[in-house]
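The primary structure of each chain is shown beneath.
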Amino acid sequence: MKKLLATLASGAMLLSLVGCSSASTAATAAATEAAAATEAAAAASGKTVKVGVSIYKFDDNFMTLYRTELQKYFGEQTDGNTYQVDIQDGKGDQAEQTNQIDNFIQQGYDVLIINLVQSTSAATVMDKCKEANIPCVFINRQPSDDDMNKYKDDATYGGKYTYVGADARQSGKFQGEIVADLPNKGDLNGDGKLQYVMVQGDPENVDAQYRTEFSISQYKEKSGLDVEQLDMQRGDWDQAKGQEIVANDLSQYGDKIECVFCNNDAMALGAAQAIEAAGRTVGKDIYLVGVDALADAISLIKAGKMTGTVYNDHVSQSHKAADAAIMAVNGEKLDQFYWVDYIKVTSDNIDTYNK
Ligand code: GAL
């Protein structure tokens, strides 16, 4: 019976189709056909876009999250193009990275995404890209304003390069506020001053410079208290170095240390190990803040072993970087900068901060 009904139905459809021979129906059919042909042509003309990426070094927790998301996002594009993304490890060596960039250029890559090993190399990289007329998206390590302005008004290369990142001043300020907003403002010994240790990233990096400066200036402004820096050491964004520095400081300054500021979470994870090993308790007799919101740091905040961190939004940053690269490949003019906000993370908003 079902079969019979189906046969009758399709027969009726056929009859109605045959009967529909009016001019307007024919025109609609032709239009539909034309649209389908255009779509097919677009898909067929979808090109392979070669994207050359160089990350300052693969062995960096935050940049690992960033590059993984970048690769994934390119793979999710539905514009008919195929994105062939080649991500290389700069190994913390500018000469190595420059070599990679030279190779990308020589092999006719369509666009480059560069996380500089040294931000001072931006001008050289831009010169090379300009000469080859290949758009370039700088990420994570902000070049100087002078370098960013170099080809700003250039007739051929203006609008073909950009920087995508987050304003490190904001992350520093958020760190300072997290400590200033504590009921005792972090001043455990009540002497009207915050005794602290600063663990810096790579000091050539503006993220390290700004976080170091603005965490303290904002703390002072928000708390109305003074500060006393007991130590400042470079930890190069590295967990083991963070652990070593803070272990030494704890044995040298002991109870005098009220707060440890780390320019990133990897170093804060190391600091947390040192703090625990020294028998100190975060939230009770010491405070600890980082930046990035790595999963391990989030777990420590939940467990009360870190005071807070600042979410460094690698998802939005990598997406914006890819969007900018795609725009440039399509001949669209780029803004000079694309910014992504940081978000303060403490136990108060830990479950909702990036929702
Ligand atoms: C920072 C990040 C650090 C490190 C650094 C590399 O933005 O907070 O963890 O990845 O970039 O340049």
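Preceding block: the structure.
Residues numbered from 1 in each chain as written. Predicted model: local features only at pLDDT ≥ 70, side-chain atom pairs only at ≥ 80, totals over all residues. Heavy atoms only, no water.

A. Representation of the nonpolar core. Counting residues in hydrophobic clusters, the biggest one holds 60 residues, and the most contacted among them are Val-51, Phe-74, Ile-113, Ile-139, Val-260 and Leu-288. Taken together, domain 1 (48-166 + 314-341) and domain 2 (169-311) each give at least three residues to this core, which thus spans both. Non-local contacts of Ile-139, meaning those with residues more than four positions away in its chain, are made with Ile-55, Met-63, Tyr-66, Ile-113, Ile-114, Asn-115, Leu-116, Tyr-163, Val-164 and Ala-321. Judged by nonpolar contacts, the second largest core, of 20 residues, contains Ala-180, Leu-194, Tyr-219 and Tyr-287. (Core = buried A, V, L, I, M, F, W, Y, C linked by side-chain atoms within 4.5 Å. Buried < 20%, exposed > 50% of the residue type's maximum accessible area, 1.4 Å probe, protein only. Domains from an automatic or database assignment. Contact = heavy atoms within 4.5 Å.)

B. Expanded view of the site of the ligand. Neighbouring the ligand are Tyr-56, Asp-60, Phe-62, Asn-140, Arg-141, Asn-205, Asp-207, Arg-211, Trp-237, Asn-264, Asp-292 and Asn-312. In this structure, an oxygen atom belonging to the ligand sits 2.8 Å away from a side-chain N or O atom of Asp-60. In the model, an oxygen atom of the ligand is placed 3.1 Å from a nitrogen or oxygen of the Asn-205 side chain. Alone, the ligand offers 310 Å² of accessible surface; in the complex the protein occludes 99% of this. Split by domain, the residues of the shell around the ligand number at least three in each of domain 1 (48-166 + 314-341) and domain 2 (169-311). (Near = heavy atom within 4 Å. Polar contact = N/O pair within 3.5 Å; in protein donor to acceptor, adjacent residues only side chain to side chain. Areas by Shrake-Rupley, 256 points an atom, 1.4 Å probe, with all protein chains shown as cover.)

C. View of the pattern of salt bridges. Counted according to the given criterion, the structure contains 18 salt bridges. A salt bridge links Lys-128 to Asp-102; the nearest nitrogen and oxygen atoms lie 2.9 Å apart. Taken together, the residues span a long stretch of sequence, with Lys-128 in helix 5 (residues 122-132) and Asp-102 in helix 4 (residues 94-106) at a distance of 26 residues. For Lys-128, a relative accessible area of 25% corresponds to the partly exposed category. Lys-150 is the partner of Asp-127 in a salt bridge, and the nearest nitrogen-oxygen pair spans 2.8 Å. Residue Asp-127 is found in helix 5, and its partner Lys-150 is found in the loop between helix 6 (145-149) and strand 5 (161-166); the two are separated by 23 residues along the sequence. Among the residues examined, Asp-127 registers a relative accessible area of 30% and is labelled partly exposed. Judged by its relative accessible area of 40%, Lys-150 is partly exposed. (Salt bridge = Lys/Arg side-chain N within 4 Å of Asp/Glu carboxyl O. Helix = DSSP H or I, 4+ residues; strand = E, 2+ residues; numbered from the N terminus.)

D. Structural detail: the packing of aromatic side chains. In total, this model carries 10 aromatic pairs according to the counting rule given. A centroid spacing of 5.7 Å and a plane angle of 75 degrees characterise the contact between Tyr-210 and Phe-214, whose relative ring orientation is edge-to-face. Taken together, the residues Tyr-210 and Phe-214, both in helix 8 (residues 206-223) and four residues apart, mark about one turn of the helix. The exposure class of Tyr-210 is partly exposed, given its relative accessible area of 23%. Ring geometry for Tyr-311 and Tyr-353: centres 5.3 Å apart, planes at 70 degrees, overall edge-to-face. Here Tyr-311 is found in strand 10 (residues 309-311), whereas its partner Tyr-353 is found in the segment after strand 12 (343-345), with 42 residues between them in sequence. The pair Tyr-311 / Tyr-353 is uniform in exposure class, with both members buried. (Phe/Tyr/Trp six-rings, centres within 6.5 Å; stacked < 30°, edge-to-face > 60°.)

E. Quick peek at the state of the cysteines. The tally for this structure, following the rule as stated, stands at zero disulfides. Free cysteine Cys-129: the closest other cysteine sulfur is in Cys-136, separated by 4.2 Å. For Cys-129, a relative accessible area of 0% gives the class buried. Note on Cys-259: no disulfide assigned, nearest cysteine sulfur contributed by Cys-262 at a separation of 9.0 Å. (Disulfide = S-S within 2.5 Å.)

Distances and angles like these do not, on their own, reveal function.
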